[in-house]
Amino acid sequence: MRYMLKYMNKLNKWFLMILIGVLPAMVPAQIVEDDYDKYTSINQLGIAITNFGLLGNGFNRIEGEIRPSFMYKQNTLVAREQVEHSANSGLWVGGMINGQPRVSTSIVDGVFESGEEGFEFIPLSPMVEKSSVTTSPVYDPSAISHQDYSTRFTDVFPEELTIVPNHEALGIEVSMRTYAWDFSFAEAFVIFEYTITNVNPSATISNIYAGIWHDVSVANMNYTSIYESGGGFTWYDNLDGYDESLDGSGFARNMGYSYDDDGDDSWAETYIAQKTLGGSVPQPYLNTYYSAWPWNAVSNETYPEYVMALTDAERYAQLSSSVPKGTTADYLPADGYPANPGSWLFLHSAGPLGSAPVAGDMENWELPPGESTTIVFAIVAATWATGGIDSPDRRANLHTNADWAQKAYDGEDVNRNNVLDFGEDSDQDGELDRYILPEPPPPPNVYIDNLSQQVDIYWDRSSEEALDPISHLKDFEGYRLYGARKVQDDEQTQEYSLLAEFDLPGNSIGFDVGFDPVRIVNDLGEPDSVLIENHYYHYRYTNSAVKNGWLNYYSVTAFDQGDPATNLASLESSKSTNRQVIFPGTTADDW
């Protein structure tokens, strides 16, 4: 296994070092343990996150469990859909101090232990989770998304100890926040917001560039497992690329991406990508860059420009420039990137960053002591849209998911200029609001009555009262009921089957079925409800002829009418929110 990160050893080392060390005045002394067991779990993209800049878990078991590192899809029982994408990724930040480049990294090629060159951040705070969902146990009205994580870390180590060799700190504190939503259209991305503060009291940092280094290996552990001896896992069948296609607003997507070369017999037909959403430096002054190289390659005969950096100067050059494209047979003719699969890494970065341009020069930015700058990235996953070789058509799902991430970040900033222009203030509050997503109605509350060879599904009408956050109108349209049966000793190829759909009648949206077939009524035929476990339910659907003793699961979603004026299709709530697993009856004798 490439990364045998000794998390507990690392935790103990930093705990001791911070305990006995004396931090400079620019960083308050704290005793903070490493958080390495958290991951985004609210949607389908499960990314392990830490409070010291590292992402992914190295494909190591955490507390004895196999958990997502960069898994898409994580909330599915379909084995072919559970694809991992990266062992580790991590933040790089570089800048110039007195004309000399300095780079601080959370990880680089070939490092395996804390204290080695490359592990150059330490935590300042634990991971904090919050949610905007009112029923969540971590609900907080200040939360941005359905699952926020936040933490702080720094590259300033205890003054009396030389911990990381060959490293001269920039003197920065990084505040990281991640955002994820439990919407079907937002299931495949997580947003990472990094705010970088100069805590070096004696130096201005100029032309900061920040990026995320990715040790990608796209693999389905149900097919080629790294967790089993002889499981068939390999690091050497991936390819990278850089997508410069235009989105629907005419902006270049500019995202680095990676994929398994042959899709592993349809077990790993997915992409993982990173794109820059924006930051405190406005477009068009914020540039994006892409570099790639094989693992630990200090030289490369076939691709001489595609090599790992060894010094701060070389890493700063990678952060602030892109690898050249090629035209020979060793490069893909469509985009000019390497055609030979291998153990490829990539780095996607953006800059220059700072709090103000240098002497009014918008091409150069600086960050004086005490000031901050922000950069926002999205990590995006997607299934292949078509077969065949990599192409824009095959990346269609990746484009869709990346565009939703961009829309989420943009919010009211339609033209992406960091200014609230005329006509953009949708809520009339005078402020530029970001992280605004169109929301489907919330899924209803569900109760399952488990009978012999029959399942009765009850749900309430709470979804019908929801207001869309953008239009501020009730745009509820209907319900969809899903069910699935997991068959023993047989591969499951589809998680959910649509059992039924009911929608408002008479508006020419959907099937105009109405709700009468499932509405609970009284003896006079009037709409009514039933009280079950102190909650009132208004609809009932009976699923008959189910097999006793075998695992079944059900979900009820709500969907809205969409918005033709903005070309927004009907949105549906997540199937996983109210999913319930049951075993009808008590035995499987009648199977």
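The structure reproduced in this document is the subject of the present report. (Residues numbered from 1 in each chain as written. Predicted model: local features only at pLDDT ≥ 70, side-chain atom pairs only at ≥ 80, totals over all residues. Heavy atoms only, no water.)

## Looking at unusual backbone geometry
Thinking step 1. Going from Tyr-72 to Lys-73, the amide bond is cis rather than trans, its omega being 10°.
Thinking step 2. For the peptide bond that leads from Gln-283 to Pro-284, omega is 5°, which places it in the cis range.
Thinking step 3. You can see Pro-284 is positioned in the loop between strand S15 (270–279) and strand S16 (287–294).
Thinking step 4. Unusually for a residue other than glycine, Asn-98 sits at a positive phi of about 55°.
Thinking step 5. Among the structural elements, Asn-98 can be located in the loop between strand S5 (84–97) and strand S6 (100–105).
Thinking step 6. The phi dihedral of Asn-207 falls on the positive side, at around 45°, and the residue is not glycine.
Thinking step 7. Mapped onto the secondary structure, Asn-207 falls in strand S12 (residues 205–219).
Thinking step 8. Look at Asn-207 and you get buried, because its relative accessible area is 15%. (Helix = DSSP H or I, 4+ residues; strand = E, 2+ residues; numbered from the N terminus. Buried < 20%, exposed > 50% of the residue type's maximum accessible area, 1.4 Å probe, protein only.)

## Remarks on the side chain of Thr-373
Thinking step 1. Looking at the secondary structure, you find Thr-373 in strand S20 (residues 372–383).
Thinking step 2. Taking relative accessible area as the criterion, Thr-373 reaches 1% and is therefore assigned buried.
Thinking step 3. Polar contacts involving the side chain of Thr-373 include one to the side chain of Ser-280, which spans 2.7 Å.
Thinking step 4. Those residues within four positions of Thr-373 in sequence are excluded, and the remaining contacts are Tyr-194, Thr-195, Ile-196, Ser-280, Leu-353, Gly-354, Ser-355 and Leu-367. (Polar contact = N/O pair within 3.5 Å; in protein donor to acceptor, adjacent residues only side chain to side chain. Contact = heavy atoms within 4.5 Å.)

## Regarding helix H2 (residues 312–319)
For an α-helix the count is 3.6 residues per turn, leaving residues at separations of three or four pointing the same way.
Thinking step 1. Along H2, the positions that sit buried rather than exposed are Asp-312, Arg-315, Tyr-316, Gln-318 and Leu-319. Viewed along the axis of H2, the buried residues span an arc of 160°, placing them on a single side of the element.
Thinking step 2. Contact partners of the buried residues in H2: S5, S6, S12, S16 and strand S17 (344–353). (Arc of directions from axis to C-beta.)

## Some remarks on the pairing of S15
Thinking step 1. Among the ten residues of S15, ten are classified as buried, and the element is accordingly described as predominantly covered.
Thinking step 2. The sheet contact formed by strand S14 (residues 255–260) and S15 spans five bridges and is antiparallel. Looking at S15, one finds that Tyr-257 is bridged to Ala-273.
Thinking step 3. Pairing of S15 with S20 involves nine bridges; the strand directions are antiparallel. Residue pairing for S20: Thr-270 is matched across the bridge by Thr-383. (Pairing = 2+ DSSP bridges.)

## Structural notes on the environment of Asn-51
Thinking step 1. Looking at the secondary structure, you find Asn-51 in the loop between strand S2 (46–49) and strand S3 (54–55).
Thinking step 2. Asn-51 sits in the buried class, given a relative accessible area of 0%.
Thinking step 3. Among residues more than four places away in sequence, those in contact with Asn-51 are Val-32, Glu-33, Asp-34, Asp-35, Pro-123, Ser-125, Pro-126, Met-127, Thr-151, Arg-152 and Phe-153.
Thinking step 4. There is a polar contact of 3.0 Å between the side chain of Asn-51 and the backbone oxygen of Glu-33.

## Brief notes about the environment of Asp-421
Thinking step 1. Secondary-structure assignment places Asp-421 in the loop between helix H3 (396–410) and strand S21 (446–451).
Thinking step 2. Asp-421 sits eleven residues away from Leu-432 along the chain, and the two C-alpha atoms are 8.9 Å apart.

## A few points about the nonpolar core
Thinking step 1. Counting 81 residues, the largest nonpolar core has Ile-191 and Tyr-194 as the members making the most contacts within it.
Thinking step 2. Examining the composition of this core, we find that eight residues originate from one element, S20, more than from any other.
Thinking step 3. Apart from residues lying up to four places away in sequence, Tyr-194 is in contact with Leu-55, Leu-91, Phe-153, Val-174, Ser-175, Met-176, Ile-212, Thr-373, Thr-374, Ile-375 and Phe-377. (Core = buried A, V, L, I, M, F, W, Y, C linked by side-chain atoms within 4.5 Å.)

## Here we look at the pattern of salt bridges
Thinking step 1. Inspection of every chain in the model, using the stated rule, returns 19 salt bridges.
Thinking step 2. For Asp-243, the salt bridge goes to Arg-395, with nearest N and O atoms at 2.7 Å. Separated by 152 residues along the polypeptide, Asp-243 in strand S13 (residues 238–243) and Arg-395 in the loop between S20 and H3 bring together distant segments of the chain.
Thinking step 3. Classification of Arg-395 as buried rests on a relative accessible area of 7%.
Thinking step 4. Salt-bridge contacts for Arg-480 lead to Glu-572; the nearest nitrogen and oxygen are separated by 3.3 Å. Residue Arg-480 is located in strand S23 (residues 476–485), and its partner Glu-572 is located in the loop between strand S28 (552–560) and strand S29 (580–582); the two are separated by 92 residues in the primary sequence.
Thinking step 5. Residue classification places Arg-480 among the buried residues on the basis of a relative accessible area of 17%.
Thinking step 6. A network of salt bridges, in which partner residues are shared, links Asp-35, Asp-37 and Lys-38. (Salt bridge = Lys/Arg side-chain N within 4 Å of Asp/Glu carboxyl O.)

## Side note on the pairing of strand S19 (residues 361–367)
Thinking step 1. Inspection of the sheet shows S12 paired to S19 by two bridges, in the antiparallel sense. Paired with Ile-205 across the bridge in S19 is Leu-367.
Thinking step 2. What sits between the antiparallel neighbours strand S18 (residues 356–358) and S19 is a turn of two residues, in which Ala-359 has the positive phi angle 50°.

Remember that the coordinates give geometry; whether it matters functionally is a separate question.
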